[in-house]
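Here is how the chains run, residue by residue.
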Amino acid sequence: MSGTFVGMPAFPEAAREAVGNSTLRANLRHATHTIRDKRAKAVAELADWQQLREAGKQIKNHTLRHLDRYLVQLEESVVRAGGAVHWAADADEANRIVADLVKATGEREVVKVKSMATQEIGLNEALAAEGISAYETDLAELIVQLGHDRPSHILVPAIHRNRGEIRDIFRAEMGGWGRPAPDGLTDNPAELAEAARLHLREKFLRAKVGVSGANFMVAETGTLVVFESEGNGRMCLTLPETLISVVGIEKVIPTWQDLEVFLQTLPRSSTAERMNPYTSMWTGTTDGDGPSVFHLVLLDNGRTDTLADEVGRQALRCIRCSACLNVCPVYERAGGHAYGSVYPGPIGAILSPQLRGTASEIDASLPYASSLCGACYEVCPVAIDIPEVLVHLRERVADRGGKGHRLEKAAMKAASWAMDRPAVMAAAERAATRTRRLHPKKVPGAAAWTDSRELPELPEKSFRDWWKGEGR
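A short tour of the structure in this document, coming up. Just so you know, these numbers come straight off a predicted model, no measurement behind them. (Residues numbered from 1 in each chain as written. Predicted model: local features only at pLDDT ≥ 70, side-chain atom pairs only at ≥ 80, totals over all residues. Heavy atoms only, no water.)

Under the criterion given, the structure shown has nine aromatic pairs. Here the aromatic rings of Phe11 and Tyr339 are separated by 4.9 Å at their centres, their planes lie at 55°, and the arrangement is tilted. You can see Phe11 sitting in helix H1 (residues 11–19) and its partner Tyr339 sitting in the loop between helix H15 (329–334) and helix H16 (345–356), a full 328 residues away along the chain. As far as the burial class goes, Phe11 and Tyr339 line up, both buried. Pairing Phe216 with Phe227 gives two aromatic rings, centres 5.8 Å apart and planes at 70°, and the pair type is edge-to-face. Taken together, the positions of Phe216 in strand S5 (residues 216–218) and Phe227 in strand S6 (residues 223–228) put the pair eleven residues apart, joining distant regions of the chain. No difference in accessibility class separates Phe216 from Phe227, as the two residues are buried. In textbook terms, an aromatic cluster arises when at least three aromatic residues are bridged by ring pairs, as seen for Phe11, Tyr331 and Tyr339. Above the face of the Tyr377 ring, Arg53 is positioned so that its terminal group lies 5.0 Å from the ring centre. (Phe/Tyr/Trp six-rings, centres within 6.5 Å; stacked < 30°, edge-to-face > 60°. Helix = DSSP H or I, 4+ residues; strand = E, 2+ residues; numbered from the N terminus. Buried < 20%, exposed > 50% of the residue type's maximum accessible area, 1.4 Å probe, protein only. Lys NZ or Arg CZ within 6 Å of the ring centre and 35° of its normal.)

Structure representation (structure tokens):
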């Protein structure tokens, strides 16, 4: 996986700065509460929601167990339908493949459907280095791009922006990217949407190359599927002459029938809609309809390593609905940028350290960016046990060592030794109770924990001594 956002500190430091931004917190609180309340109502309409959730989990688990077979079948199906398939082991290889494919067309600009995979590998920046301009067409991604910003949410990348900020970005930046914002543009949502529509329309009509991701790939037929809410994605998928799709290998599902489950669970978990507004599907190429050339770039970029981890591999079940972000108390206060990845929130805290490893300071800190409350697991439409994976990854980080972890290990080892010896434990308890008035309210060196907490007062007697004297 490509590196963290340039200059990003570890999560605790980045989160501390974000929590101090009252505007950011207000934007996040309003957006996440609105989305999750609507989602809860949409999910409650289905009496068989838990059965659908289990079905999605089982489909994904089965596919991951037989991923090699289904990827080969997918490649055969895509080629049979007139497409070409390319395999990319990492971000650099994927970027090189896409850049070469674009340059082979003679074009110097592309229009893009919102794609987490292309953000993950830094495709826009890689294309820019080759003299190719990539234009985001999803409204929220357009806001992020025009604002020289970074996405902070899986579903709503510009969730950290309010309407006034978006108006100012459009006024200042649209002219440098194409059609300028209309004079007198206000922060009325309809006006902002119309300004974006006019700005993008000229790009749709001019572009000869489109770049997309995909929510699902059907091995049986070679069909790719994109879910979106605006219709801009469909313009990218149908108008250009050449379409290049960059998709993570975990997005494959075995059969067309399997798609039925996710057509029900993904819209309700993401946008709280009964049916997705724009569900685009394409299978290879068809004469006289849509792009005449189709390339599929299958991206590994750490996914095979993740698959090898029996506990951590469940993160690959993720269908990018963002429900876990909207219920997470940590994300709501810290925002997405603090995670240093295109995958923020609870799913990012378990996916990024697996795709990138835990060598960097920020990736080592992500498994700790959680209260382990379990709300993320409760809303996940494919039942990813995120708290279980977080604890698993914390163990991996601790095993690598480091000052804090060495001290913790030493303390746990000493406690284990004492607890295995009743006489030693009893003596320690008596010593603690007899010196209780001398104990500090806060533990030295543990300010991160005790700044907002006080140690409980010890009783006059330990339970052991109380039981011997009067408890029986």
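Examined against the element boundaries, Glu120 turns out to sit in helix H6 (residues 116–120). Remark: the alpha-carbon pair of Glu120 and Ala81, spanning 39 residues in sequence, is separated by 28 Å. Side chain to side chain, Glu120 and Asn301 meet in a polar contact 2.8 Å long. (Polar contact = N/O pair within 3.5 Å; in protein donor to acceptor, adjacent residues only side chain to side chain.)

Those residues of H1 lying buried are Phe11, Ala14, Ala15 and Ala18. Across the axial projection of H1, the buried residues extend over an arc of 100°, all falling on one side. Summarising the geometry of H1, the exposed residues directed more than 90 degrees from the buried face are Arg16 and Glu17. (Arc of directions from axis to C-beta.)

The subject of this paragraph is the sheet that holds strand S7 (residues 242–248). Pairing is parallel across the open sheet formed by six strands, whose spatial order is S1-S10-S7-S4-S2-S3. Sheet topology places strand S1 (84–88) and strand S3 (133–136) at the edges, where each strand pairs with a single neighbour. The sheet shows a mean angle of 25° between the axes of neighbouring strands, direction not considered. In this structure, strand S2 (residues 109–112) lies alongside strand S4 (residues 209–212), joined through two bridges in parallel fashion. (Pairing = 2+ DSSP bridges. Axes fitted to C-alpha atoms, helices over the stretch in contact; angles between N-to-C directions.)

So, on to the environment of Pro291. As for its placement among the helices and strands, Pro291 is situated in the loop between strand S9 (278–283) and strand S10 (293–299). Given the relative accessible area of 11%, Pro291 is considered buried. Sequence separation between Pro291 and Lys208 is 83 residues, and the spatial gap between their C-alpha atoms is 9.0 Å. Pro291 has contacts with Leu237, Thr238, Pro240, Glu241, Thr242, Leu243 and Thr285, leaving out every residue within four places of it along the chain. (Contact = heavy atoms within 4.5 Å.)

Before going further, it helps to spend a moment on the sheet that holds S6. As summarised here, the arrangement of the four strands in space is S8-S5-S6-S9, forming an open sheet in which the pairing is mixed. Taken across any chain shown, the strands that pair with only one partner, and hence form the sheet edges, are strand S8 (252–253) and S9. Note: S6 against S9, six bridges, orientation antiparallel. The partner of Thr223 across the bridge, within S9, is Thr283.

Before going further, it helps to examine the nonpolar core. Phe170, Phe216, Leu296 and Ile350 are the most contacted members of the largest nonpolar core, which totals 99 residues. Beyond its immediate sequence surroundings of up to four residues, Phe216 is in contact with Thr223, Leu224, Val225, Phe227, Lys251, Ile253, Leu259, Phe262, Leu266 and Ile319. One finds Leu123, Val209, Val211 and Ile244 within the second-largest nonpolar core, a separate group that totals 21 residues. (Core = buried A, V, L, I, M, F, W, Y, C linked by side-chain atoms within 4.5 Å.)

Remark: helix H3 (residues 49–65) packs on helix H12 (residues 259–270), axes separated minimally by 10 Å, with the N-to-C direction vectors making an angle of 115°. Here H3 lies roughly perpendicular to H12, going by the angle between them. As for how H3 packs across H12, the hand of that crossing is left-handed. Residue-level contacts link Trp49, Leu52, Ala55, Gly56, Ile59 and Lys60 of H3 to Val261, Phe262, Gln264, Thr265, Arg268 and Ser269 of H12. By residue class, the composition of the contact of H3 with H12 is six nonpolar, four polar and two charged. (Parallel < 35°, antiparallel > 145°, perpendicular 65-115°, else oblique. Left-handed = near helix turned anticlockwise from the far one by under 90°. Nonpolar A, V, L, I, M, F, W, Y, C, P; charged D, E, K, R; others polar.)

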